[in-house]
Amino acid sequence: MHTHSTASDGTLSPAELVRAASRAGLDVLAITDHDTTAGWEPAVRALPPGLRLVRGAELSCRWSGTEPAVPLHLLAYLFDPGHPELVDELARVRAAREERGERIVALLRADGIDVSWPDILAGAGGGTVGRPHIAQALIRAGLVGSTGEAFGPDWLGERYRLPKEDIDVFRAVRLVRAAGGVPVFAHPRATRRGRVVPDELIADLAAAGLAGLEADHEDHSPAEQAHVRALAADLGLLVTGSSDFHGTHKTVQLGAFTTGAEAYERIVDAGVTEVASG
């Protein structure tokens, strides 16, 4: 219920992604590229027999209740891709991602690091540009050995990290609901990624329309998974699990974490877009 293709920062094309899901023995796959629906159509066209596709996106959000603001990710499932306000907001965020990427490359070049913005754009292949694309340029230049190293404090994790213009998380929840979609908070307790928000904020988001929490995720410890499940039970939210698969940009395998049938059915029942079947 949470995967990425070359439409954003994954390494498999949408067609390759659905075929890989079928080979992995999955019966349902969600394509949730960052701030874009560009992978939906090619994924549907290539859908293998027996695989159902949940069309979604992962929205780049922020919570401004503390300083600096906390970046968050909101999974949006089965929404109307033509909803005008959501379309405009996603286009704004994609443009901000590209602007940030170009500024990061300028900082790297100012320090004598030979990376090329046109090469990074070419590597993105028209997909939503993100830091993983810059990480790949650093790897190609022999400056780091892995994406994980590129995201360390000496590189894109701190020294060359810049903020981007994300969507206020309450606005994002409202937009997804207005577009007929189902909003689920991605990896909400992943302390290894950085700061997390208080449970009180999640309760407020639930009151605003948040539908679920992603509990089973590679960046959640067993204790964090249990915390998320307990919080979801208290708030009446559904619980998902997923690999957050990015292809070779991450080591996690497709289908490493899965979502229960009951939660999946709740998402299907609440969404406005039908699940595609192969």
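Refer to the structure above for everything that follows.
Residues numbered from 1 in each chain as written. Predicted model: local features only at pLDDT ≥ 70, side-chain atom pairs only at ≥ 80, totals over all residues. Heavy atoms only, no water.

Peer 1: Go over the environment of A96, please, and point to the residues and values.
Peer 2: Along the chain, A96 turns up in helix α3 (residues 84-110). Distance from A96 to L138, taken between C-alpha atoms, is 21 Å for residues 42 residues apart in sequence. (Helix = DSSP H or I, 4+ residues; strand = E, 2+ residues; numbered from the N terminus.)

Peer 1: Could you give me a rundown of the nonpolar core, with the residues and numbers involved?
Peer 2: Core analysis: the largest hydrophobic core is formed by 50 residues, its most contacted members being L29, L59 and L213. The contacts of L29, once residues within four sequence positions are left out, are T3, L17, V18, A21, L51, R52, L53, V54 and L254. Listed in part, the 19 residues of the second largest apolar core include I113, I134, A137 and V144. (Core = buried A, V, L, I, M, F, W, Y, C linked by side-chain atoms within 4.5 Å. Buried < 20%, exposed > 50% of the residue type's maximum accessible area, 1.4 Å probe, protein only. Contact = heavy atoms within 4.5 Å.)

Peer 1: Describe the packing of α3 against helix α4 (residues 117-124), with residues and values.
Peer 2: Where α3 meets α4, the closest approach of the two axes is 10 Å, and the angle between their N-to-C directions is 140°. Of the possible angle classes, the one that applies to α3 and α4 is oblique. As for the relative orientation of α3 and α4, their crossing is right-handed in sense. In this structure, α3 uses E98, G101, E102 and V105 to contact α4, whose residues at the interface are W117, I120 and L121. (Axes fitted to C-alpha atoms, helices over the stretch in contact; angles between N-to-C directions. Parallel < 35°, antiparallel > 145°, perpendicular 65-115°, else oblique. Left-handed = near helix turned anticlockwise from the far one by under 90°.)

Peer 1: Which residues make up the packing of α4 against helix α5 (residues 131-140), and what values go with them?
Peer 2: Contact geometry for α4 and α5: axes closest at 9 Å, N-to-C directions at 115°. Where α4 crosses over α5, the two elements pack in a sense that is right-handed. In contact with D119, I120, G123 and A124 of α4, α5 contributes H133, I134, A137 and R140. A class-by-class count of the residues in the contact of α4 with α5 yields 4 nonpolar, 2 polar and 2 charged. (Nonpolar A, V, L, I, M, F, W, Y, C, P; charged D, E, K, R; others polar.)

Peer 1: So what about the side chain of D244? Which residues, and what values?
Peer 2: Residue placement: D244 occurs in the loop between β7 (238-241) and α10 (261-270). Looking at D244, its side chain comes within polar contact range of the side chain of H2, at 2.9 Å. Among the polar contacts made by the side chain of D244, one reaches the side chain of H217 at a distance of 3.0 Å. If we ignore the near neighbours within four places in the chain, the residues touching D244 are H2, H4, E58, H187, R193, H217, K250 and V252. (Polar contact = N/O pair within 3.5 Å; in protein donor to acceptor, adjacent residues only side chain to side chain.)

Peer 1: How would you explain the pattern of salt bridges if you had to name every residue and give the values?
Peer 2: Any two side chains of opposite charge can pair, given that their charged atoms come close. All told, the structure shown has 13 salt bridges when counted by the stated rule. The closest approach of N and O atoms between R159 and D111, which form a salt bridge, is 3.4 Å. Of this pair, R159 sits in the loop between α6 (147-150) and β4 (167-168) while D111 sits in the loop between α3 and α4, and the two are 48 residues apart along the sequence. Judged by relative accessible area, which is 43%, D111 ranks as partly exposed. One network of salt bridges, in which partners are shared, links R193, D219, D244 and K250. (Salt bridge = Lys/Arg side-chain N within 4 Å of Asp/Glu carboxyl O.)

Peer 1: Just give me the short version of the side chain of S243, but keep the residues and values in it.
Peer 2: Inspection of the secondary structure puts S243 in the loop between β7 and α10. The residues contacting S243, other than those within four sequence positions of it, are H2, T3, V252, Q253, L254, G255, A256 and F257.

Peer 1: Describe unusual backbone geometry, naming the residues involved and giving the relevant values.
Peer 2: In the segment running from E67 into P68, the intervening peptide bond is cis, with an omega of 0°. With phi around 30°, H187 is a residue other than glycine that occupies positive phi space.

Peer 1: Account for the pairing of β7, naming residues and giving values.
Peer 2: Of the two faces of β7, the one carrying L238 and T240 and the one carrying V239 and G241 are both buried. Where strand β6 (residues 212-216) lies against β7, 4 bridges are found, and the strand directions are parallel. Note on β7: the bridge partner recorded for D216 is G241. After leaving β6, the chain enters helix α9 (residues 222-235) and then returns to the sheet as β7, a path that is right-handed. (Pairing = 2+ DSSP bridges. Right-handed = clockwise from strand over helix to strand, strands pointing away.)

Peer 1: Kindly report on the packing of aromatic side chains, identifying the contributing residues and their values.
Peer 2: Evaluation of the coordinates by the stated rule reveals 2 aromatic pairs. Each ring, one from W40 and one from F79, has its centre 5.2 Å from the other, and the planes form 55°; the classification is tilted. Of this pair, W40 sits in helix α2 (residues 40-45) while F79 sits in the loop between β3 (70-77) and α3, and the two are 39 residues apart along the sequence. (Phe/Tyr/Trp six-rings, centres within 6.5 Å; stacked < 30°, edge-to-face > 60°.)

Peer 1: Just give me the short version of α3, but keep the residues and values in it.
Peer 2: Residue pairs three or four apart in sequence face the same way in an α-helix, which turns once every 3.6 residues. End to end, α3 covers 39 Å across 27 residues, agreeing with the expected 39 Å (1.5 Å per residue, within 8%). Among the residues of α3, L86, E89, L90, V93, A96, R97, R100, G101, I104, V105 and L108 are the ones counted as buried. Residues of α3 that are buried in the fold lie against β2 (52-63), α4, α5, β4 and α7 (169-178). (Expected span 1.5 Å × (residues − 1).)

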